[in-house]
Amino acid sequence: MMPDVQRGRELDIDEDIGYQRRSWTAQRVGQAVMALVLLAALAGLLGPGPLSDATARDPGGAALQVEYNRFWRSKSSLTLRAHLGPGAVREGKARVWLSRAYAQDLQIQEVKPEPDSVEIGAERLTYVFSFSTPDGAPAATVTFIGEPEKAGTLRGRMGLENGPTLDFRQFVYP
Amino acid sequence: MDAVLRAAAMYFFLLFVLRITGKRSIGQITTFDFVLLLIIGEASQQAMMGEDNSFTNAFLVILTLVGVEQLLSWGKQRFLLIDRVTQSVPLILVEDGKPLTDRMNRVQVDEADIMQAAREMQGLERMEQIKYAVLERNGGLSIIPKPQNGQA
């Protein structure tokens, strides 16, 4: 640690070039960390962005697809887009459900278009939408807007009654 | 509870960022730095207060910030490490009229900055007249002139 000449012998100064060099190194590391955080944010690892956008789709048919964000932040408005395919409508009704635990974590504030009714079950919240188009016609997109309060992992679970169930995970930063 | 945690987290985050970006004293702040500081203040205020505009929340945030500050200044007196982590150490940049260029490059101070400080504070004209120039821990430059002929 002492390749450096002792400077300022006549000064009563607490210079410490060893510490100074280590702190310069620490600054470099800190600057690298800052740069990485910014790159991660641009990529979407800290919230919205390309790496955050994801789609869950049912393996069988095209009845249900959900666009969601893998990473989000608490207290900011979070959108889920559920695309209902032709198979989703039966007898003029589409019945989309969310698990109650997920709905609770997501703190749903708005559903567009507004459902006809919401049914509260033991495990599920079911949103019922009416269609005037014949069954089998291309259906619609339903948007759920929430604002998660708590940080942590949200276990998304959404499905169609008598249809597929989609599971996905979202991580919410504080 | 979370008002205290948020304010403390913001304090340490800002300390980290400002220490990482190196020394700069209030005297050297440019107009643009000042504008940046205002924006930083605005951005951190949102996060510290959250959606709670109550008197109690503001009270807690202020108490936390002042409390952490007090705690650190208490710690600085007793623990060398805290002192150095929060404030760094002084650094000699000129010795006997010779600029120590590798150090000056590291801290982004050039000879013009040193000569400006020498003129302003000591009325010196040339680098040779400087005995020591020190970058102080608060980011300011101190100039110690060589003794005049006859006095030494």
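Scoring rules and cut-offs
- The residue numbers shown here count from 1 along each chain, following its written sequence.
- Chains and ligands are labelled sequentially in the order written, the chains with letters from A and the ligands with numbers from 1.
- Note on the predicted model: pLDDT of at least 70 is required for a residue's local features to be given, and 80 or more for side-chain atom pairs to be given and counted; whole-chain, interface and lining totals, by contrast, use all residues.
- Each side-chain value is worked out from all heavy atoms of the structure, with water and hydrogens disregarded.
- Every helix listed is a DSSP run of H or I at least four residues long, and every strand listed is a run of E at least two residues long, numbered separately from the N terminus.
- Note that the radius of gyration is over C-alpha atoms, with the globule rule given as 2.2 Å times the number of residues to the power 0.38.
- Exposure is judged per residue with a 1.4 Å probe applied to protein chains only, and the accessible area is read against the type maximum: over 50% gives exposed, under 20% gives buried, and values in between give partly exposed.
- The length a helix should cover is 1.5 Å for every residue beyond the first.
- What makes two residues a contact is simply this: any of their non-hydrogen atoms within 4.5 Å.
- In protein, a polar contact requires one atom able to donate a hydrogen and another able to accept it; more generally it is a pair of N or O atoms within 3.5 Å, and residues adjacent in sequence count only if both atoms are side-chain atoms.
- Any two strands with at least two DSSP-identified bridges between them are counted as paired.
- An axis is simply a line fitted to the C-alpha atoms; with a helix, the fit covers only the stretch in contact. Between two such axes, the angle follows the N-to-C directions and lies from 0 to 180 degrees.
- Think of it this way: a Phe, Tyr or Trp ring, Trp meaning its six-membered ring, pairs with another when their centres are within 6.5 Å, and the plane angle makes it stacked under 30 degrees, edge-to-face over 60, tilted otherwise.

(A) Geometry of the overall build of chain B. For chain B, the helix and strand inventory stands at six helices and four strands. Relative to the 2.2 N^0.38 estimate, which gives 15 Å for 152 residues, the radius of gyration of chain B is 20 Å and therefore markedly larger than a compact globule would have. Projected onto the principal axes, the alpha-carbon positions of chain B cover approximately 65 × 35 × 25 Å. When each of the 152 residues of chain B is scored for burial, the buried share is 34%.

(B) View of helix α1 (residues 17-43) of chain A. With 27 residues, α1(A) extends 39 Å between its outermost C-alpha atoms, agreeing within 8% with the 39 Å of an ideal straight helix rising 1.5 Å per residue. Burial in α1(A) covers these residues: I17(A), G18(A), Y19(A), Q20(A), S23(A), W24(A), Q27(A), G30(A) and A40(A). For α1(A), the elements touching its buried residues are α1 (2-20), α4 (80-87), β1 (91-95) and α5 (101-106) of chain B. Of the residues that open α1(A), the one with a side-chain oxygen 3.2 Å from the backbone nitrogen of G18(A) is D16(A). Of the residues one or two after α1(A), G44(A) is the one with positive phi, at around 105°.

(C) Looking closely at the sheet that holds strand β2 (residues 98-99) of chain B. Residues and elements named next belong to chain B. In spatial order, the strands read β2-β1-β3-β4; together these four strands make up an open sheet with antiparallel pairing. Strands with a single pairing partner mark the edges of an open sheet, and in this sheet they are β2 and β4 (141-145). With two bridges joining them, β1 and β2 adopt antiparallel strand pairing. If you follow V94 over to β2, its bridge partner there is P99. Where helix α6 (residues 111-122) meets the sheet, its contacts fall on β1, β2, β3 (130-135) and β4, and the angle it forms with β4 comes to roughly 65°.

(D) Representation of the packing of aromatic side chains within the structure. Considering all chains together, one arrives at eight aromatic pairs over all chains under this definition. Ring centres 5.7 Å apart and planes at 85° place the aromatic pair Y102(A) and F168(A) in the edge-to-face group. Note that Y102(A) is positioned in helix α2 (residues 100-106) and F168(A) in strand β11 (residues 165-173), a separation of 66 residues in sequence. In this pair, the class of Y102(A) matches that of F168(A), namely buried. Between W74(B) and F79(B), the aromatic rings sit 6.4 Å apart at their centres with planes inclined by 70°, giving edge-to-face as the arrangement. With relative accessibility at 44%, the residue F79(B) sits in the partly exposed group. In this structure an aromatic cluster arises from ring pairing among Y68(A), Y102(A) and F168(A).

(E) The arrangement of the environment of R126(B) in detail. The residue R126(B) is located in the loop between α6 and β3 in this model. Sequence-wise, R126(B) and M115(B) are eleven residues apart; in three dimensions their C-alpha atoms are separated by 7.4 Å.

(F) Main features of the environment of I130(B). Among the secondary structure elements, I130(B) is positioned in strand β3. When near neighbours in sequence (up to four residues on either side) are disregarded, I130(B) contacts V94(B), D96(B), G97(B), I114(B), M115(B), A118(B), L124(B), I143(B), I144(B), P145(B) and K146(B).

(G) Structural view of the sheet that holds strand β7 (residues 117-120) of chain A. All names here are of chain A. An order of β3-β11-β10-β5-β8-β7 is seen for the six strands of this open sheet, with the pairing classed as mixed. The sheet is open, and its two borders are formed by β3 (71-73) and β7, each paired with just one other strand. The mean inter-strand angle of the sheet, taken between neighbouring strand axes irrespective of direction, is 30°. In the sheet, β3 pairs with β11 via three bridges, with the strands oriented parallel. Note that in β11 the partner of W72 across the bridge is V172.

Taken by themselves, the reported measurements are silent on function.
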